[in-house]
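Analysis of the macromolecular model
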Amino acid sequence: MPFSSLGLSAAALSSLSRAGYTVPTPIQAQAIPPALKGLDVIGCAATGTGKTAAFLLPIIERLGGTPGLTALVLAPTRELAVQIAEHAERFGSARGFRSAIVIGGVGMGAQVQALRTANLVIATPGRLVDHLQQGTVKFDHLQVLVLDEADRMLDMGFKPQLTRILARVPKKRQTMLFSATMAGEVADFARAALHQPVRVEVTRSGTTAARATQSVYEVSQAEKTPLLLALLAEGEDSTLVFTRTKRRADKLQKALARAGLHAERIHADRSQGQRQAALEGFRSGRYRVLVATDIAARGIDVADIGHVVNFDLPHVPEDYVHRIGRTARAAASGHASSFCAPEEAELLLDIERLTKVRTPRAEVPRQSPVFLRAMEAERAKQAHPGPPSPDHGRSSRPQGQAPGRHARSHPRKGGGGGHGGGGGAGHGAGGSAPATGKTVFSGGPRRRR
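Residues numbered from 1 in each chain as written. Predicted model: local features only at pLDDT ≥ 70, side-chain atom pairs only at ≥ 80, totals over all residues. Heavy atoms only, no water.

One open sheet accounts for six strands, arranged β8-β13-β12-β9-β11-β10; its pairing is parallel. Only two strands of the sheet have a single partner each, and these edge strands are β8 (212-218) and β10 (263-266). Neighbouring strand axes in the sheet, compared pairwise and without regard to direction, differ in orientation by 20° on average. (Pairing = 2+ DSSP bridges. Helix = DSSP H or I, 4+ residues; strand = E, 2+ residues; numbered from the N terminus. Axes fitted to C-alpha atoms, helices over the stretch in contact; angles between N-to-C directions.)

In structure tokens form, the structure reads like this:
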């Protein structure tokens, strides 16, 4: 099916041709026609299948030439917002359709200036609420609202901000909600925010990228870095590595650099400039390896990532789907490797319940010279760890700030202020939260504590 059969204008088809788009993906083929009619749409498809064009093309087609701010796209991360803005520029610039990107980590002055002439705003919820509070943006004439990766926004705790934003946009509007997973809290939110939506589900919720081969390595925590080095030595693929925490990402990136690999990292403690430079370096090939926390799981648009490594398994099974979606994008192929330590066995079971597939186990290359050298270095480091850092055992979160998602969902047993140490930032001043028999996440299979 060509794009010309979807009801798009000659101007839209020309922009697609200039961008190198030839045939619509399944989500584009099914979502664009009802979106062009102004209907509410729920789109469920795996990451990397073209959801961005599926909502941007109808927005520009319907609203191009209409003055004022008429469309809003919400995204969970800065990286994803930047990615959407790049596509909006590609499809809309020739038609005079202007967009403004509203994200944290950068000054608000330039954003205020861009908002004055924008037809489309692409924003992360937190920074958009800042602008609403300051009165620098109004949505009185908004016609289209898009929530991209809605499950991730809700999982990251953005529901209060989304509620405030929805209260400030017209009730009579077109709403489109796109996500790779659709269950629990997302389904409840969709029922409340959308009106008689057309549901487009090109893959079952929780389905991983079809062209991504997957394998699991059952290892100890001490074997993870040696295993990664051994796998990297087997080929030259660009590799995206996911860790659970920011400090772990920093530590792993340094270990890779010491091994002579060109590696960079991206996480929430890095400035927006540093994050963008890391992404550009990874995209250009300057860095072969990018180490990331889940902040990057839905915001990296790099065409040729050959290998995704789950150095740590995610605590939210849906995050596995999005991590895997960073490779094998569109018509490409790729491989995903997951390192599973004994204490992560339950997490692996949660993932396999969601995907309904038992991931093949792979043999750990313990006889590889690279693996053996790295293990020897690891043993030497364990024997002589050196003095502890001054902030060892202390949380980096400011006093009084709410705990992160991992700390909230995995309370430390007994007292002591949760994961943060020092009693200040883990689960609040009162110590760890009670969790017996409580489902720690809503929607889909979840661990019970």
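Do not read the fine detail of predicted coordinates wherever pLDDT is low. Per-chain confidence: the protein averages 84 in pLDDT, with 80% of residues scoring 70 or above. Below a pLDDT of 50 lies the segment residues 328-332, which in the model reaches 17 contacts outside its immediate sequence neighbourhood of four places, other chains included. Between residues 415-449, whose pLDDT stays under 50, and residues either more than four places distant or in other chains, the model counts 90 contacts. (pLDDT = per-residue confidence, 0-100. Contact = heavy atoms within 4.5 Å.)

Burial of strand β3 (residues 99-102) is one-sided: the residues A100 and V102 facing one way are buried, the residues S99 and I101 facing the other way are not. Bridge count for β3 against strand β4 (residues 120-123) is four bridges, and the pairing is parallel. Bridge pairing links I101 to I122 in β4. Handedness of the crossover joining β3 and β4 through helix α5 (residues 109-115) is recorded here as right-handed. (Buried < 20%, exposed > 50% of the residue type's maximum accessible area, 1.4 Å probe, protein only. Right-handed = clockwise from strand over helix to strand, strands pointing away.)

The next point concerns the side chain of E61. By secondary structure assignment, the location of E61 is in helix α3 (residues 51-63). Its relative accessible area of 17% is what places E61 among the buried residues. A distance of 2.8 Å separates a polar atom in the side chain of E61 from a polar atom in the side chain of R95. Residues within four places of E61 in sequence aside, it is in contact with G7, L8, S9, A12, L36 and R95. (Polar contact = N/O pair within 3.5 Å; in protein donor to acceptor, adjacent residues only side chain to side chain.)

Of all hydrophobic cores here, the largest spans 39 residues; its most connected members are F55, I59, M176 and F178. Breaking this core down by element, the ones donating at least two residues are α1 (10-18), α2 (26-36), α3, β2 (71-74), α4 (78-92), β4, β5 (144-148) and β6 (174-179). By residue number, the principal contributor to this core is α3, which donates eight residues. In contact with F178, not counting residues within four places along its chain, are I27, A31, V41, G43, K51, A54, F55, V146, L147, D148, E149 and A150. Ranked by size, the runner-up nonpolar core spans 33 residues in total, among them V102, L147, M153 and M182. (Core = buried A, V, L, I, M, F, W, Y, C linked by side-chain atoms within 4.5 Å.)

To continue, consider the sheet that holds β4. As summarised here, the arrangement of the seven strands in space is β3-β4-β2-β5-β6-β1-β7, forming an open sheet in which the pairing is parallel. Only two strands of the sheet have a single neighbouring strand rather than two, namely β3 and β7 (198-201). Neighbouring strand axes in the sheet, compared pairwise and without regard to direction, differ in orientation by 15° on average. Looking at chain direction, β2 and β4 are connected through four bridges and run parallel. Residue pairing for β4: L72 is matched across the bridge by V121. Along the sheet face, α4 touches β2, β3, β4 and β5 and points at about 155° away from the line of β4. Together, β2, β3 and β4 form the strand contacts of helix α6 (residues 125-134), whose direction differs from that of β3 by roughly 105°.

Quick look at the pairing of β5 now. With respect to burial, β5 is a largely interior element, five of its five residues being buried. Residues V144, V146 and D148 point to one face of β5 and L145 and L147 to the other, with burial holding for every one of them. Judged from the four bridges that link them, β2 and β5 form a sheet pairing that is parallel. Counterpart to L74 in the pairing with β5 is L147.

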